[in-house]
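# Secondary and tertiary structure notes
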Amino acid sequence: MTMFVALLLLPILPFPGTSGALLSNQSPSRDIPSATTDRPFPWKHTRLPTTITPVHYHLTIHPNLTSLDFTGTVRIQLDVHRDTSTIVLHSKQLQVSNALLLAPEGVTPLQVLEHPRFHQLALLSDSVLTKDRRYEVHLEYAANLSDSFHGFYKSSYRTRSGDVRFLASTQFEPTSARAAFPCFDEPAFKSNFTISIIREPRHTAISNMPKIKSVALPGGLLEDHFDTSVKMSTYLVAYIISDFMSVSRTSKHGVKISVYSVPEKIKQTAFPLEAAANLLDFYDDYFDIPYPLPKHDLAAVPDFQSGAMENWGLSTYRETGLLFDPDKSSASDKLMITMVIAHELAHQWFGNLVTMEWWNDLWLNEGFAKFMEFISVNITYPELQVDDVFLGKCFEAMEVDSLSSSHPISNPVENPAQILEMFDDVSYDKGACILNMLRDFLTPEVFEIGIIRYLKRYSYQNTINSHLWESLTKICSSDNLKDDHKKHKAFCSKRCQQSGASKWHSDDELDVKAIMDTWTLQEGFPLVTVEVRGREVRVSQKRYLRTDDPSLTDRFLWQIPLTYVTSASSTVQRFLLKTKADILYLPQEVDWVKFNVDMSGFYMVHYEGNGWNSIIKLLQHNHTALTSNDRASLIHDVFQLVSIRKVRLDTALELSLYLSRETEIMAVTQGFGELVPLYKLMEKRDMAALEKKMKGYIVDLFRGLIDGQQWADTGSVSERMLRSYLLVFSCIQKYSPCVTKATQLFNKWRDSDGNMSVPVDTTMAVFVTGAQTLKGWDFLFEQYRNSLQMSVRSRLKTAMALSPMQDKLSWMMEQSLQGEVMKVQDLPEVIITVSRNVHGGDLAWDFLRANWNALINKFDLGSSTISHMVTGVTNRYSTREMLDEVKSFFSSLTEETGSEMRCIRQTYETVEDNIRWMDTNLPLLQAWLDKRSHKVTHEDL
């Protein structure tokens, strides 16, 4: 989702006086808007006035896939809430040629002013539009299909025979419906939409609603008429004109599900069709609210910037996010695709049926959809073991949220760039993690009743944070039980019979809003410090922040649902910490205590005194006494505490030694996640000797697990994902047994001209090994060009970007930017992968700087795509020289080219933190590795 600055010139007619345009108490922008003439624009705010609201859009679109432009007509029914002669709405890069007012008194022309910077049109009437009356405006316009990935944009694909075919698709979230038709492009302006699309007979058109008829037009064209939509926000409108094929089935609840793709990939649609039907049925039952449309289409679009989009009745996806080949796709592909579908279908309720009032509460959409991925997939596809990846999302969110440049989950935003910046790990992953914490705190039954009540109470409406908290409060009160499902009434009846002692909090004293406001209205998260003194446990909280500035931590206070287990009892104990510090009392003295059980809470824990030593001892002698999630959270926390000097590095490394006996994916991958960045920092500093020792330690630590991997597609999904991870790592590290086996497989595969079947779990390791030579790289590229399997192409592309040949790395980035041989949508991933390649870090940084303007034009300021490129390329720099170079480039930008983006502040903080870490810990790391190597050598003797 990206934005462009509109530079449209319209014929401007004289501006009559108006009494209704400036009726809002919104704060004005810094600059007084000027229209495309010398006359001032009659509205001074980025948000639209509420004087007029839309009721119904009649939209006709005619795209030309030869000239790659389109014309449109929109008729908007309006309700007037205050006398006015000005209608202000959104339009971006649209050439409006005719504007009419349809009033009971007749049809009159409207004069048009435009304010390109705010993407606004003012339609000026010679007569007053009267309060409480309904009017219509009729607008005719034209535009080019966008070259970007947002608005109404062109896409293309190449057939196996080499033909290039074009299609046109939409991506409107968050603020790009205005680039396809003039509209009131804010989520609270919900309306009904009746859409018609004019097309050539060789194409098909799909939209949110089913097609009800096609009408033949002069010139051999057809006009498809679609049924009127339910009431929805503009960002959910969608339509695609293409030569796609589809497969369909009907869900158990009677909804027609169809999956669309380019014709040559239609065989990869069977699994997503099955998954969509199963997940839609699950949500129907779970939410106790029927899916309100007669159909749902899922379309794999060849050019797509984000992962997927939840348009009501027509969700759109990257091809890699939807298409699945049972013979070529991996276990992780299947899990990822299922989660993406689950996310978009959850949005049909969270986001589409009930929508946040404004983008400051985007997390009500995205946090819930991310959270529901795990709830739904865990029940519908338990064999995918989705719980094994949830914790990683919380760790990713903490990485961003530990910086002073982070933002509250609910955060004021105004302009399109600020809105785009909300689509980040805080809104998605932190949002999901605090919902998981709340569900654990309230119990799953109470949480389910509350969110269903929320959805039913606010269907087809817009909400703010407090509406959700109210729905989750006093869920068994008599006033709230009237409309609930009988299952929920039975739960409340049973609950009333329980004694007070069986609950660890009472409904009367539970203030969900007070608790959750501390998690959504302030940035960051708490570090809980635990000190055990006999039976006494002292707990205190402070913001975890990777900075030396105490003024940024002292003012924060959370209400924290603490959980803990001890050596004496595996029963989870609970306590709501509302103050800076408190004391808990244990029934007896214990050997160890583990807080934040399964990391259900969004906080870190530091164990003072002998606490960490007790945990290290436990892990070394009986690590399975704790769950794999608990072990992963301990690995995460102890290394993060090194960054703020709460724990010495050698203590964290001593804890990591237990990993030689670890087998569970979450703990193993978290071990890699903490240890690999250490040698990555050294790669950027050219410290070959120490870097080699660190890599050697990691390989030795996991040697037993690596050697035990079979080069076959066997085991559970998590075991298969772990196998792929381990083999790729060990081959990249030139671990001899891995390289030998991978080379043998690559040579056999190449000799068969790519026809030999290689175990899917091993292909990434095989491809990476092949990419180390020129001959091997060239063969991988030929396979990439000819493959129709999206997951295979993705692995081939990644492997090629991990080659040591710098000319190939530069060529890949250039080709991805041009978009002929490699897709532009894949450029960010290529740049980031090259930057992580020890041979490509400087190339990626140079490419990012040299092509900055092209990148922000294609992907747009504020987008998560730009943010990931900026942070991905720079986050391993750890010298003051590189910090100066990074600051020199970004400080040279203007506000229009990105100087105010949050990701730049995040980059500065991260590099500064890396510098502090290296200055403090390099001597400790050197000493610890030397001590260990001497110890290992002595033991070998």
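Now for a description of the structure that goes with this document. Here the structure is a predicted model, which means the values were calculated and not measured.

Conventions adopted
- Residues numbered from 1 in each chain as written.
- Predicted model: local features only at pLDDT ≥ 70, side-chain atom pairs only at ≥ 80, totals over all residues.
- Heavy atoms only, no water.
- Helix = DSSP H or I, 4+ residues; strand = E, 2+ residues; numbered from the N terminus.
- Core = buried A, V, L, I, M, F, W, Y, C linked by side-chain atoms within 4.5 Å.
- Buried < 20%, exposed > 50% of the residue type's maximum accessible area, 1.4 Å probe, protein only.
- Contact = heavy atoms within 4.5 Å.
- Disulfide = S-S within 2.5 Å.
- Axes fitted to C-alpha atoms, helices over the stretch in contact; angles between N-to-C directions.
- Left-handed = near helix turned anticlockwise from the far one by under 90°.
- Nonpolar A, V, L, I, M, F, W, Y, C, P; charged D, E, K, R; others polar.
- Salt bridge = Lys/Arg side-chain N within 4 Å of Asp/Glu carboxyl O.
- Expected span 1.5 Å × (residues − 1).
- Phe/Tyr/Trp six-rings, centres within 6.5 Å; stacked < 30°, edge-to-face > 60°.
- Parallel < 35°, antiparallel > 145°, perpendicular 65-115°, else oblique.
- Pairing = 2+ DSSP bridges.

## Overview of the environment of R117
As for its position among the elements, R117 is in the loop between β6 (111–115) and β7 (120–129). The spatial distance from the C-alpha of R117 to the C-alpha of W711 is 57 Å, given a sequence separation of 594 residues.

## Let's talk about the nonpolar core
Ranked by size, the top nonpolar core spans 308 residues in total, and within it F181, Y239 and F595 carry the most contacts. Here F595 is in contact with V530, V537, V539, L562, T563, Y564, L584, V605 and Y607, once residues within four sequence places are set aside.

## Focus: the state of the cysteines
Throughout the structure, instances matching the rule amount to two disulfides. Disulfide pairing places C394 opposite C433 at an S-S distance of 2.0 Å. Across the S-S bond linking C394 and C433, the dihedral sits near -105°, which makes this disulfide left-handed. You can see C394 sitting in helix α4 (residues 387–401) and its partner C433 sitting in helix α6 (residues 425–442), a full 39 residues away along the chain. On the basis of relative accessible area, C394 is assigned to the buried category, the value being 4%.

## Quick notes on the environment of M901
Structurally, M901 can be placed in the loop between α28 (880–891) and α29 (902–940). Owing to a relative accessible area of 5%, M901 belongs among the buried residues under this scheme. In the structure, M901 is positioned 211 residues away from L690 in sequence and 36 Å away in space, judged by C-alpha atoms. M901 has contacts with E421, W852, L861, G862 and I866, leaving out every residue within four places of it along the chain.

## Remarks on the packing of α4 against helix α15 (residues 665–683)
At their nearest, the axes of α4 and α15 sit 9 Å apart, and the two run at 35° to each other. Handedness of the crossing formed by α4 with α15: right-handed. Contact residues: α4 offers D388, L391, G392 and F395, while α15 offers I665, M666 and Q670. Here the residues of the contact of α4 with α15 sort into four nonpolar, two polar and one charged.

## With respect to unusual backbone geometry
Cis geometry is found at the peptide bond from E173 to P174, where omega equals 0°. Note that P174 resides in the loop between β10 (164–171) and β11 (192–199). Even without a glycine there, the phi angle at Q93 is positive, about 60°. Among the residues examined, Q93 registers a relative accessible area of 36% and is labelled partly exposed. With phi around 55°, H119 is a residue other than glycine that occupies positive phi space. Residue position: H119 is located in the loop between β6 and β7. H119 gets classed as buried once you look at its relative accessible area, which sits at 5%.

## Details of the pattern of salt bridges
Applying the stated criterion to the full structure yields 43 salt bridges. For D761, the salt bridge is made with R720, and the minimal N-O distance between the two is 2.8 Å. Of this pair, D761 sits in the loop between α19 (736–751) and α20 (763–770) while R720 is found in helix α18 (residues 717–732), placing the two residues 41 residues apart along the sequence. R720 carries the same exposure label as D761, and that label is buried. Of the charged contacts in the structure, one is a salt bridge between R849 and E885, with a shortest N-O distance of 3.4 Å. Of this pair, R849 sits in helix α25 (residues 841–850) while E885 sits in helix α28, placing them 36 residues apart in sequence. Taking relative accessible area as the criterion, R849 reaches 26% and is therefore assigned partly exposed. For E885, a relative accessible area of 30% puts it in the partly exposed group. Shared partners join several salt bridges into a network, and the residues in it are K680, E683, E691 and K695.

## Digging into helix α16 (residues 688–701)
In this model α16 runs 20 Å from its N-terminal to its C-terminal C-alpha over 14 residues, within 8% of the 20 Å that 1.5 Å per residue would give. Those residues of α16 not exposed but buried are L690, E691, M694, K695, Y697, I698, V699 and L701.

## Topic: the packing of aromatic side chains
Counted by the stated rule, this structure contains 56 aromatic pairs. With centroids separated by 4.3 Å and ring planes inclined at 15°, the aromatic side chains of F672 and F702 adopt a geometry described as stacked. Here the residue F672 occupies a position in helix α15, and F702 occupies one in the loop between α16 and α17 (703–707), the gap between them amounting to 30 residues. The exposure class assigned to F672 is buried, which follows from its relative accessible area of 1%. Judged by relative accessible area, F702 falls into the buried class, the value being 0%. Measuring from ring centre to ring centre gives 5.8 Å for W852 and F890, while their planes differ by 75°; the resulting arrangement is edge-to-face. You can see W852 sitting in helix α26 (residues 852–859) and its partner F890 sitting in helix α28, a full 38 residues away along the chain. A relative accessible area of 3% places W852 in the buried class.

## A short note on the packing of helix α2 (residues 331–347) against α18
Contact geometry for α2 and α18: axes closest at 8 Å, N-to-C directions at 120°. Comparing the axis directions of α2 and α18 gives the class oblique. Across from A331, S332 and L335 in α2, the residues of α18 making contact are V717, R720 and M721. For the contact of α2 with α18, the residue count by class is four nonpolar, one polar and one charged.

## Details of helix α13 (residues 628–643)
In this model, α13 (16 residues) spans 24 Å end to end at C-alpha, consistent with the 22 Å of a helix rising 1.5 Å per residue. Within α13, 16 of the 16 residues are buried, which leaves it mostly tucked inside the rest of the structure. Phi turns positive, to about 65°, at R645, one or two residues after α13.

## With respect to the sheet that holds β6
Overall, antiparallel pairing links the three strands, which are arranged β3-β7-β6 in an open sheet. Each having just a single partner strand, β3 (84–90) and β6 make up the two edges of the open sheet. Averaged over all pairs of adjacent strands, the angle between strand axes in this sheet comes to 25°, irrespective of strand direction. In the sheet, β6 pairs with β7 via five bridges, with the strands oriented antiparallel. Each residue of the ladder has a partner; that of E114, found in β7, is L121.

## Considering the pairing of β7
A regular strand places its side chains on the two faces of the sheet in alternate fashion. Most of β7 sits out of view: seven of its ten residues are buried. Of the pairings in the sheet, the one linking β3 to β7 comprises six bridges and is antiparallel in character. Among the inter-strand pairings, V88 is bridged to a residue of β7, identified as A122. Hairpin geometry of β6 and β7 is characterised by an intervening segment of four residues between the two adjacent antiparallel strands and by a positive phi of about 55° at H119.

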